[in-house]
Amino acid sequence: MAPAKTTQPMKATAPHTQSSPLLSLWNAYNETTSTRLKTIDAFLVFLMLSGIIQFLYCILVSNFPFNAFLAGFASCVGQFVLAASLRSQVNPANRSEFKEVSPERAFADFALGSIVLHFFVYNFLG
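Notes on the structure follow. (Residues numbered from 1 in each chain as written. Predicted model: local features only at pLDDT ≥ 70, side-chain atom pairs only at ≥ 80, totals over all residues. Heavy atoms only, no water.)

For the rest of this paragraph, the subject is the overall build of the chain. Check the secondary structure of the chain and you find four helices and zero strands. Reading the chain from its N terminus to its C terminus gives the helix and strand order α-α-α-α. Here the chain, with 126 residues, has 21% of them falling under the buried criterion. When contacts within the chain are restricted to residue pairs at least 6 apart in sequence, long-range pairs at least 24 apart make up 67% of them. (Helix = DSSP H or I, 4+ residues; strand = E, 2+ residues; numbered from the N terminus. Buried < 20%, exposed > 50% of the residue type's maximum accessible area, 1.4 Å probe, protein only. Contact = heavy atoms within 4.5 Å.)

See below:
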């Protein structure tokens, strides 16, 4: 006869009360970040993904008109820097750092910088 199997009672596990750090970060971001900053953040993500796609295309497929790759990639990087600067200037948490810069002035600087950047990018294309 086979020995009797002994079963141990299963321990009751408490439900997972702590959420993951990424989920809590996402929830805090959604609750505390204004719509204006979320829009700028979405644009920053778009620029980053666009630069990554251009870089991967250059590596994997071809970089035949190399100046076109450089112009496109420089445009993404330059626009990212300008948008990150805009985000830091319009963020209410940074108001003490940018006392004399209004949000309208920051956007005007961003727009003028973007025009100058794209003028140089267009001229670099040839």
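Having seen the structure, we can now continue with the description.
The subject of this paragraph is the pattern of salt bridges. Counting across every chain of the model gives two salt bridges. With its nearest N and O atoms 2.4 Å apart, the salt bridge here joins Arg-87 to Asp-41. Within this pair, whereas Arg-87 is found in helix 3 (residues 66-90), its partner Asp-41 is found in helix 2 (residues 35-60), the two being separated by 46 residues in sequence. (Salt bridge = Lys/Arg side-chain N within 4 Å of Asp/Glu carboxyl O.)

Moving on, we get to the packing of aromatic side chains. Tallying each qualifying case throughout the model produces seven aromatic pairs. With a centroid separation of 6.1 Å and an interplanar angle of 40°, the aromatic rings of Phe-55 and Phe-73 are classed as tilted. Placement of Phe-55 in helix 2 and of Phe-73 in helix 3 is noted, with a sequence separation of 18 residues between them. Residue classification places Phe-55 among the partly exposed positions, given a relative accessible area of 40%. Accessibility expressed as a relative area gives 28% for Phe-73, which makes it partly exposed. (Phe/Tyr/Trp six-rings, centres within 6.5 Å; stacked < 30°, edge-to-face > 60°.)

Next up on the list: the packing of helix 2 against helix 3. A pair of packed helices is characterised by two quantities: the angle between their axes and the separation of those axes. For the pair helix 2 and helix 3, the least separation of the axes is 9 Å and the interaxial angle reads 160°. As the angle between them shows, helix 2 and helix 3 are arranged roughly antiparallel. For the pair helix 2 and helix 3, the sense of crossing is left-handed. A class-by-class count of the residues in the contact of helix 2 with helix 3 yields 16 nonpolar, five polar and three charged. (Axes fitted to C-alpha atoms, helices over the stretch in contact; angles between N-to-C directions. Parallel < 35°, antiparallel > 145°, perpendicular 65-115°, else oblique. Left-handed = near helix turned anticlockwise from the far one by under 90°. Nonpolar A, V, L, I, M, F, W, Y, C, P; charged D, E, K, R; others polar.)

As a packed pair, helix 3 and helix 4 (residues 103-125) sit with axes 10 Å apart at the nearest point and diverge in direction by 175°. The orientation of helix 3 relative to helix 4 falls into the category roughly antiparallel. The class makeup of the residues in the contact of helix 3 with helix 4 is 16 nonpolar, eight polar and no charged.

The residue Gln-79 is located in helix 3 in this model. Residues contacting Gln-79, with those up to four places away along its chain left out, are Phe-43, Leu-47, Phe-110, Ser-114, Leu-117 and His-118.

Moving on: the environment of Glu-104. In this structure, Glu-104 sits in helix 4. Glu-104 gets classed as exposed once you look at its relative accessible area, which sits at 59%.

This next bit is on the environment of His-118. Take His-118: it is sitting in helix 4. A relative accessible area of 36% means that His-118 is categorised as partly exposed. For His-118, the residues in contact, after removing those within four places along its chain, are Ser-75 and Gln-79.

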